[in-house]
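Per-entry structural report
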Amino acid sequence: VDAGGKGFTLLLDALLEVTDGRPIPEPENVATPAVVEAHMRGDNIAGLRYEVMYLLDAPDATIRDFKSAWGAIGDSIVVVGGDGLWNCHIHTNDIGSAVEAGIDAGRPYKIQVTDLIEQVEEEQWVRDAGVVETPTLPVVETAVVAVGVGDGVRRLFTSLGVQQIVAGGQSMNPSTAQILDAVEACNAESVVVLPNNKNIVPVARQVDDLTTKQVTVVATASVCEALAALVDYDPSAPIAGNDSAMTAAVERVRTGEVTQAVRDSVAPSGPIKQGDWLALARDGIVAAVATPGDAVCTLLAHLVDDDSELVTVLVGGDAPAQETQRIREHIELQFPHVEVEFHDGGQPLYPYLVGVE
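Here goes a summary of the coordinates provided. (Residues numbered from 1 in each chain as written. Predicted model: local features only at pLDDT ≥ 70, side-chain atom pairs only at ≥ 80, totals over all residues. Heavy atoms only, no water.)

**Details of the overall build of the protein chain**
- Across its full length, the protein chain carries twelve helices and 16 strands.
- Buried positions account for 42% of the 357 residues belonging to the protein chain.
- Here the contacts in the protein chain between residues at least 6 apart in sequence split such that 65% fall between residues at least 24 apart.
- Working note: accessible area of the protein chain is about 19,300 Å², and carbon and sulfur atoms make up 53% of it. (Helix = DSSP H or I, 4+ residues; strand = E, 2+ residues; numbered from the N terminus. Buried < 20%, exposed > 50% of the residue type's maximum accessible area, 1.4 Å probe, protein only. Contact = heavy atoms within 4.5 Å. Areas by Shrake-Rupley, 256 points an atom, 1.4 Å probe, with all protein chains shown as cover.)

**Considering helix α3 (residues 63-71)**
- Looking at α3, one finds that the buried residues are Ile63, Phe66, Trp70 and Gly71. The buried side chains of α3 occupy one side of the element, clustering within an arc of 140 degrees when seen end-on. Facing away from the buried side of α3 by more than 90 degrees, the exposed set consists of Arg64 and Asp65. (Arc of directions from axis to C-beta.)

**So, the pattern of salt bridges**
- A complete count under the given rule lists eight salt bridges for this structure.
- Residue Arg22 is joined to Asp20 by a salt bridge in which the shortest nitrogen-to-oxygen separation is 2.9 Å.
- The exposure class of Arg22 is partly exposed, given its relative accessible area of 46%.
- Among the ionic pairs, Asp232 bridges to Arg252, the shortest N-O distance being 3.0 Å. With a gap of 20 residues between them, Asp232 in the loop between α9 (223-231) and α10 (239-252) and Arg252 in helix α10 connect regions that are remote in the sequence.
- For Asp232, a relative accessible area of 29% gives the class partly exposed.
- In the salt-bridge network here, residues are joined through shared partners; they are Asp294, Glu323 and Arg326. (Salt bridge = Lys/Arg side-chain N within 4 Å of Asp/Glu carboxyl O.)

**Here's the deal with a nonpolar patch on the surface**
- The grouping of Phe8, Leu11, Leu12 and Leu15 at the surface amounts to a nonpolar patch, some 400 Å² of accessible area in total.
- Looking at the secondary structure, you find Leu11 in helix α1 (residues 3-20). (Patch = residues over 30% accessible without salt bridge, like charges linked within 9 Å, V, L, I, M, F, W, Y side chains within 5 Å.)

**A short note on the sheet that holds strand β6 (residues 164-167)**
- Read across the open sheet, the four strands follow the order β6-β5-β7-β8; overall the sheet is parallel. Edge strands, defined here as strands with exactly one partner in the open sheet, are β6 and β8 (214-217). Strand-to-strand, the axes of this sheet are offset by a mean angle of 20 degrees, without reference to chain direction. (Pairing = 2+ DSSP bridges. Axes fitted to C-alpha atoms, helices over the stretch in contact; angles between N-to-C directions.)

**What to know about unusual backbone geometry**
- In this structure, Lys110 is a non-glycine residue whose phi angle is positive, near 50 degrees.
- Its place among the elements puts Lys110 in strand β4 (residues 107-115).
- Here the phi dihedral of Leu349 falls at roughly 70 degrees; this positive angle occurs in a residue that is not glycine.
- Assignment of secondary structure puts Leu349 in the loop between β15 (339-344) and β16 (352-356).
- Judged by relative accessible area, which is 34%, Leu349 ranks as partly exposed.

**Re the packing of helix α6 (residues 151-159) against α9**
- The geometry of α6 relative to α9 is characterised by a closest axis approach of 10 Å and an angle of 15 degrees between their N-to-C directions. Between α6 and α9, the crossing angle belongs to the class labelled roughly parallel. Judged by the twist between their axes, the crossing of α6 over α9 is left-handed. On α9, the residues touching Val153, Leu156 and Phe157 of α6 are Val223, Ala226, Leu227 and Leu230.
- Class assignment of the residues belonging to the contact of α6 with α9 gives a composition of seven nonpolar, no polar and no charged. (Parallel < 35°, antiparallel > 145°, perpendicular 65-115°, else oblique. Left-handed = near helix turned anticlockwise from the far one by under 90°. Nonpolar A, V, L, I, M, F, W, Y, C, P; charged D, E, K, R; others polar.)

**Observations concerning the environment of Val338**
- Looking at the element boundaries, Val338 is found in the loop between α12 (321-334) and β15.
- Judged by relative accessible area, which is 10%, Val338 ranks as buried.
- Residues Val338 and Val311, spaced 27 residues apart in sequence, show a C-alpha to C-alpha distance of 6.7 Å.
- When neighbours within four sequence positions are excluded, Val338 is seen to be in contact with Val304, Ser308, Glu309, Val311 and Ile331.

**Observations regarding the environment of Val52**
- With respect to the helices, strands and loops of the structure, Val52 is situated in strand β1 (residues 50-57).
- The sequence separation of Val52 and Ile77 amounts to 25 residues, and the corresponding C-alpha distance is 9.8 Å.
- With residues up to four places along the chain from it excluded, the contact list for Val52 reads Cys88, His89, Ile90, Thr92, Ile95, Ala98, Gln112 and Val113.

**What to know about the sheet that holds strand β14 (residues 310-315)**
- Here we have six strands laid out as an open sheet, ordered β13-β12-β9-β16-β14-β15, and mixed in their pairing. A single partner strand is all that each edge strand has here, and the edge strands are β13 (284-289) and β15. Recorded for the sheet is a direction-independent mean angle of 20 degrees between the axes of neighbouring strands.

**Remarks on the packing of α3 against helix α4 (residues 95-105)**
- In the contact formed by α3 and α4, the axes pass within 10 Å of each other and the chain directions differ by 165 degrees. Accordingly, the angle class assigned to the pair α3 and α4 is roughly antiparallel. In the crossing of α3 with α4, the sense of the turn from one axis to the other is right-handed. For the pair formed by α3 and α4, the contact residues are Phe66, Ala69 and Trp70 on the first element and Ala98, Ala101, Gly102 and Ala105 on the second.
- By residue class, the composition of the contact of α3 with α4 is six nonpolar, one polar and no charged.

Take a look at the structure:
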């Protein structure tokens, strides 16, 4: 089970102890990464100084040991990719070991090292010096707060009138307090929140009871649903009208996303192997295939019909350029009746997000 599942089993064990006298089982002894042990000792892990990033040519079979080596020297670890090419990111104090782990696994290249402490100090100097002024938000009847991650996603939201963006998404759920702070920062007495993930919807719905502003949640489950809703957003209209129009827009769009399987599993669509690319729609896993481009093509066959007019593809930060071009050609050939928009979303972990209207 994952972390949430572990928490639920602990809740049940505690219930059984109180109601039936059964002792709570002793915690399982597991191997603890060095960085976690440092957290438990109270060390200042926030002091990890360097951000190391590189591309890694390495056989898929070496990546498990590579991740374990990195887990011992840092945190904020992201290793995504497959078929021999990996995009790697870590925060660490040991630059040499971070690079040597890549050499042990394969061939690291395009190595970038950023001194995070110097970066933070520079940003603080800029703020203290007043070099950059925060623009004044326009006063509107109804403002919008949206949850999202990725530079391109943020630019799209801002261009469509979103006043505040809360960082978050799949596996990065923001807190109610973060969404509340964003609502309070809006220059409006009424605010629509777009959570853009089904797990964030109940968190966002708590905000209305915590503020004097009027807040409604349009229950978007993806960024593509949010973009469809924002096309029908009118900042000068009352919140009730926006709620109705934006909800109707969400109901007209069909969405899907592509990500990579992290473990072997089984779905109604068939067996899944670690490293497979998953085509995910609202109704679950559509297919597990060899490449992210294949996953998008499978999604489109599932989502596009004769009445479809527009296909929107958000391209993630790790999306291979050749796969993106193949998707363009596939849409032109297989679905000549639809208009197509590709946008640079920059989102991590999901190389492609797809919306069909």
